[in-house]
Amino acid sequence: AQSVTQLDSQVPVFEEAPVELRCNYSSSVSVYLFWYVQYPNQGLQLLLKYLSGSTLVESINGFEAEFNKSQTSFHLRKPSVHISDTAEYFCAVRDNAGGTSYGKLTFGQGTILTVHP
Amino acid sequence: KAGVTQTPRYLIKTRGQQVTLSCSPISGHRSVSWYQQTPGQGLQFLFEYFSETQRNKGNFPGRFSGRQFSNSRSEMNVSTLELGDSALYLCASSFPGTGTTGELFFGEGSRLTVL
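Definitions and cut-offs
Residue indices begin from 1 for each chain and proceed along its sequence in written order. Chains carry letters from A onward and ligands carry numbers from 1 onward, assigned in written order. Only residues with pLDDT of at least 70 get local features here, since the model is predicted, and only at 80 or more are side-chain atom pairs given and counted; chain-wide, interface and lining totals rely on the full set of residues. Hydrogens and water molecules were not included; the side-chain quantities draw on all heavy atoms of the structure. Starting at the N terminus, helices and strands are each numbered in turn, a helix being any DSSP run of H or I of at least four residues and a strand any DSSP run of E of at least two. When a residue's accessible area, from a 1.4 Å probe over protein chains only, is under 20% of the maximum for its type it is buried; when over 50% it is exposed; and in between it is partly exposed. Within 3.5 Å is the distance limit for a polar contact, defined as a pair of N or O atoms, with the added protein rule that one can donate a hydrogen and the other accept it, and that residues adjacent in sequence qualify only through two side-chain atoms. When checking whether two residues touch, look at their non-hydrogen atoms; a contact exists if any pair is within 4.5 Å. Defined in terms of a 1.4 Å probe, buried area is the accessible area two parts forfeit on being brought together, summed over both. Here, a salt bridge means any Lys or Arg side-chain nitrogen found within 4 Å of an Asp or Glu carboxyl oxygen. The disulfide definition used here is simple: a pair of cysteine sulfur atoms within 2.5 Å.

## A short note on the side chain of Lys78 of chain A
Residues and elements named next belong to chain A.
Thought 1: Within the secondary structure layout, Lys78 lies in strand S9 (residues 73-78).
Thought 2: Take Lys78: its relative accessible area is 7%, and that puts it in the buried class.
Thought 3: A polar atom in the side chain of Lys78 sits 2.8 Å from the side chain of Asp85.

What follows is the structure in structure tokens.
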């Protein structure tokens, strides 16, 4: 069984400030890790993913996340946030065993990021 | 390429009724998964279908069911609705296969309100 803990339910921050959204996971098998973003009244959009290789992954809009196997963490960071980054962010895991069910993700409870002017 | 389409976007039902939600995956995607999103429980996996077969099922009562058609479109049904079934139901499609990551693409959801 897997579980995901997002340590902060809400993170308020001022525009152009840095931000870190924390995610820890628990799993008995190797996993793939994802961050999704959800804007109001919309579905989830993939922000970035860790599958293998470099432990630092980046998105096209300036977010990055680092996989830390020893600490079982996958924290999301952005050096300078914009008003448009206001949304809810979800960390998720899926086991990467062969023949796995691709459709089953285990999500954290979400972190609401609010960027103030 | 069109995204994942869910219908209806909003609906209101009363306790005891049943509801059917529809999901059209991205063209070429053969896997469809369903999730329930509520403020209290967050995002919970309902079930996954691939090539018309249920591959995996979450921890939900038998009132929740689904199916997938030969064109990969999927429906989910909730019978004997309860107040606690009020939620955003999200559908996601993927293209699982060798060398792919099976990344999930989500629709905008169907928001069900049970009165």
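## Side note on the interface of chain A and chain B
Thought 1: With 20 residues of chain A in contact, the opposing surface of chain B contributes 26 residues.
Thought 2: Buried surface at the junction of chain A and chain B, both sides included, amounts to about 1,900 Å², of which 51% is carbon and sulfur.
Thought 3: Sorting the residues of chain A by area buried against chain B places Leu44, Tyr102 and Gly103 of chain A first, and these three jointly supply 29% of that buried surface.
Thought 4: Taken together, the links from chain A to chain B amount to one salt bridge.
Thought 5: Looking at the side of chain A that touches chain B, the elements with two or more residues in it are strand S5 (31-38), strand S6 (44-50) and strand S10 (87-95) of chain A.
Thought 6: It is S6 of chain A that provides the largest number of residues to the side of chain A that touches chain B, a total of three residues.

## Here's the deal with the state of the cysteines
Thought 1: Under the criterion given, the structure shown has two disulfides over all chains.
Thought 2: Disulfide partner of Cys23 of chain A: Cys91 of chain A, at an S-S distance of 2.0 Å. Because the torsion about its S-S bond is -65°, the bridge between Cys23 of chain A and Cys91 of chain A counts as left-handed. With a gap of 68 residues between them, Cys23 of chain A in strand S4 (residues 23-26) and Cys91 of chain A in strand S10 connect regions that are remote in the sequence.
Thought 3: With a relative accessible area of 0%, Cys91 of chain A lands in the buried category.
Thought 4: Each sulfur in the disulfide pair Cys23 of chain B and Cys91 of chain B lies 1.8 Å from the other. Its S-S torsion of approximately -60° makes the covalent link between Cys23 of chain B and Cys91 of chain B left-handed. Residue Cys23 of chain B is located in strand S3 (residues 19-24), and its partner Cys91 of chain B is located in strand S9 (residues 87-94); the two are separated by 68 residues in the primary sequence.

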